[in-house]
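Listed below are the residues making up each chain.
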Amino acid sequence: MAIADVSIIPIGTSSTSVSAYVAYIQQVLDHYEKEKQIRYELTPMSTLIEAELPVLFEVIQKIHEAPFEQGALRTATSIRIDDRRDQPLTMDGKRKSVQEKRIEQ
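Residues numbered from 1 in each chain as written. Predicted model: local features only at pLDDT ≥ 70, side-chain atom pairs only at ≥ 80, totals over all residues. Heavy atoms only, no water.

A.B. asks: Describe the overall build of the chain, listing the residues and the values that go with them.
C.D. replies: For the chain, the helix and strand inventory stands at three helices and four strands. Secondary structure of the chain in N-to-C order comes out as β-α-β-β-α-β-α. Along the longest, intermediate and shortest principal axes, the C-alpha atoms of the chain span 50 × 30 × 20 Å. When the 105 residues of the chain are sorted by exposure, 30% land in the buried category. Residue pairs in contact within the chain that sit at least 24 positions apart in sequence constitute 70% of those at least 6 positions apart. Taken as a whole, the chain presents about 7200 Å² of accessible surface, with 52% of it coming from carbon and sulfur. If you average the places of the 13 positive and of the 16 negative side-chain charges in the chain, the two averages end up 4 Å apart. (Helix = DSSP H or I, 4+ residues; strand = E, 2+ residues; numbered from the N terminus. Buried < 20%, exposed > 50% of the residue type's maximum accessible area, 1.4 Å probe, protein only. Contact = heavy atoms within 4.5 Å. Areas by Shrake-Rupley, 256 points an atom, 1.4 Å probe, with all protein chains shown as cover. Lys, Arg positive; Asp, Glu negative; His and termini not counted. Charge placed at Lys NZ, Arg CZ, Asp CG, Glu CD.)

See below:
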């Protein structure tokens, strides 16, 4: 399992607001989540996606294309991937590890 932090910025739109693009991207993510292929969390600045690496890349390509489908003329996508192979990796597990260390100190 890998975790990606993805930020997609539509460029060349008629408005400075991007919420409609984000809502459309969420519809794509909802489809994959309903199929139990991913888990995702929308944050104020990006989206976190948890999936097996091949699925993760497929989803990132789909959501990168989404603004073009909505009329954007250009899209800038930033991706950070955490892919740990020595033990299972999940968003919940990463949060739990940090919380446990805060309690210990």
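A.B. asks: Could you give an account of the layout of surface pockets, naming the residues involved and the relevant values?
C.D. replies: In this model, the largest pocket occupies a volume close to 300 Å³. Around the largest pocket, the lining comprises 17 residues; the ones closest to its centre are Ser7, Ile8, Val22, Met45 and Ser46. Where the lining of the largest pocket is concerned, the elements lending two or more residues are β1 (2-11) and α1 (19-34). Counting residues per element, the lining of the largest pocket draws most heavily on β1, which supplies five residues. Split into classes, the residues belonging to the lining of the largest pocket amount to 12 nonpolar, five polar and no charged. Here the second largest pocket is characterised by a volume of approximately 160 Å³. Considering only residue class, the lining of the second largest pocket consists of four nonpolar, no polar and five charged. (1 Å grid on protein atoms, 1.4 Å probe; cavity = no way out; pocket = protein on both sides within 12 Å on 5 of 7 lines; lining within 4 Å. Points joined across faces, edges and corners; volume = space filled by probe spheres on them. Nonpolar A, V, L, I, M, F, W, Y, C, P; charged D, E, K, R; others polar.)

A.B. asks: Account for the pairing of strand β3 (residues 47-51), with residues named and values stated.
C.D. replies: Across the five residues that make up β3, a large majority, four, are buried. Bridge count for β1 against β3 is five bridges, and the pairing is antiparallel. Of the residues in β3, the one forming a bridge with Ala4 is Ile49. As judged from the four bridges shared by strand β2 (residues 39-42) and β3, these two strands associate in the antiparallel manner. Residue pairing for β3: Arg39 is matched across the bridge by Glu50. (Pairing = 2+ DSSP bridges.)

A.B. asks: Kindly report on the UniProt feature "domain: Thiamine-binding protein" (unreviewed entry) in the chain, identifying the contributing residues and their values.
C.D. replies: Following the UniProt record, the feature "domain: Thiamine-binding protein" (unreviewed entry) maps to residues 4-99 here. Taken end to end, residues 4-99 is 44% helix and 28% strand, and its two terminal C-alpha atoms sit 21 Å from one another. (UniProt positions renumbered as here; feature names shortened; annotations may be inferred.)

A.B. asks: I'd like a description of the pairing of β1, backed by residues and values.
C.D. replies: The element β1 is extensively covered by neighbouring structure, given that eight of its 10 residues are classed as buried. In this sheet, strand β4 (residues 74-83) lies alongside β1 in antiparallel orientation, the contact comprising 10 bridges. Paired with Pro10 across the strands is Thr75, a residue of β4.

A.B. asks: Please set out the nonpolar core residue by residue, giving values where relevant.
C.D. replies: Counting 18 residues, the largest nonpolar core has Val6, Leu29, Ile38, Ile49, Leu56, Val59 and Ile63 as the members making the most contacts within it. Contributions of two or more residues to this core are made by β1, α1, β3 and α2 (53-69). Top element by residues in this core is α2. It accounts for six residues. The residues touching Val59, leaving out its near neighbours within four places in the chain, are Leu29, Tyr32, Ile38 and Ile49. (Core = buried A, V, L, I, M, F, W, Y, C linked by side-chain atoms within 4.5 Å.)

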